[in-house]
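As a plain string of letters, each chain reads:
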Amino acid sequence: MRIKQEEYVPLADMLISSFERDQAEIEAENSFYSVEFLNLFKATTEEVRELEKADVLLTKQKTVTTDLSSGR
């Protein structure tokens, strides 16, 4: 199964929700998955979310610029 780029943030949000719910049990099994890990995962997800927003804005800007140059 391949995950499309636009699906990364929604999938990460679902993982965060599940992880928050089960964090104590997960950390009991493996101490690597601590609250610090969860916070880093959330921060990274927010960075990706911001990059996606910037990408969408750049695409819209290019479309508007093209429309303006062609006189639409």
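Up top is the structure.
If you're wondering where the values come from, they're calculated on a predicted model, not measured in any experiment.

What counts, and where the lines are drawn
Residues numbered from 1 in each chain as written. Predicted model: local features only at pLDDT ≥ 70, side-chain atom pairs only at ≥ 80, totals over all residues. Heavy atoms only, no water. Phe/Tyr/Trp six-rings, centres within 6.5 Å; stacked < 30°, edge-to-face > 60°. Helix = DSSP H or I, 4+ residues; strand = E, 2+ residues; numbered from the N terminus. Buried < 20%, exposed > 50% of the residue type's maximum accessible area, 1.4 Å probe, protein only. Salt bridge = Lys/Arg side-chain N within 4 Å of Asp/Glu carboxyl O. Expected span 1.5 Å × (residues − 1). Bend = angle between axes of the 7 residues up to and from the residue. Contact = heavy atoms within 4.5 Å. Patch = residues over 30% accessible without salt bridge, like charges linked within 9 Å, V, L, I, M, F, W, Y side chains within 5 Å. Areas by Shrake-Rupley, 256 points an atom, 1.4 Å probe, with all protein chains shown as cover. Axes fitted to C-alpha atoms, helices over the stretch in contact; angles between N-to-C directions. Parallel < 35°, antiparallel > 145°, perpendicular 65-115°, else oblique. Nonpolar A, V, L, I, M, F, W, Y, C, P; charged D, E, K, R; others polar.

1. Quick look at the packing of aromatic side chains
- Here the structure, examined in full by the defined rule, presents 6 aromatic pairs.
- Measuring from ring centre to ring centre gives 6.5 Å for Phe19 and Tyr33, while their planes differ by 65 degrees; the resulting arrangement is edge-to-face. One end of the pair, Phe19, is in helix α1 (residues 8-29); the other, Tyr33, is in the loop between α1 and α2 (35-69), and 14 residues separate them in sequence.
- Residue classification places Phe19 among the buried positions, given a relative accessible area of 11%.
- Residue classification places Tyr33 among the partly exposed residues on the basis of a relative accessible area of 32%.
- Ring geometry for Phe37 against Phe41: centres 6.2 Å apart, planes inclined by 25 degrees, an arrangement best described as stacked. Remark: Phe41 and Phe37 occur in helix α2; sequence separation between them is 4 residues, near one turn of the helix.
- A relative accessible area of 24% means that Phe37 is categorised as partly exposed.
- Look at Phe41 and you get partly exposed, because its relative accessible area is 28%.
- These aromatic residues form a ring-pair network of at least three members: Phe19, Phe32, Tyr33, Phe37 and Phe41.

2. Quick look at the pattern of salt bridges
- Following the criterion strictly, the structure yields 5 salt bridges and no others.
- The network of salt bridges with shared partners includes Asp13, Glu46 and Arg49.

3. Quick notes on the environment of Val48
- When you line up the elements, Val48 lands in helix α2.
- As a C-alpha pair, Val48 and Asn30 span 18 residues in sequence and 26 Å in three-dimensional space.

4. Considering α1
- Taking 1.5 Å of rise per residue, the 22 residues of α1 would be expected to cover 32 Å, yet its terminal C-alpha atoms sit only 26 Å apart, more than 12% below that figure.
- Maximal helix bending in α1 amounts to about 75 degrees, located at Asp22.
- Residues of α1 that are buried include every one of Val9, Ala12, Ile16, Phe19 and Gln23, and no others.
- In this fold, the buried residues of α1 make contact with α2.

5. Quick look at a nonpolar patch on the surface
- Taken together, the side chains of Met1, Ile3, Tyr8, Leu11 and Met14 make up a nonpolar region of the molecular surface, amounting to roughly 590 Å² of accessible area.
- Topologically, Met1 is positioned in the segment before α1.

6. Structural notes on the packing of α1 against α2
- Across the interface, α1 lies against α2 with an axial gap of 10 Å and an inter-helix angle of 175 degrees. By the angle between their axes, α1 is roughly antiparallel relative to α2. For the pair α1 and α2, contact is made by Val9, Ala12, Asp13, Leu15, Ile16, Phe19, Glu20, Gln23 and Glu27 and by Val35, Phe37, Leu38, Phe41, Lys42, Thr45, Val48, Arg49 and Glu52, respectively.
- Across the contact of α1 with α2, the residue classes tally to 10 nonpolar, 2 polar and 6 charged.

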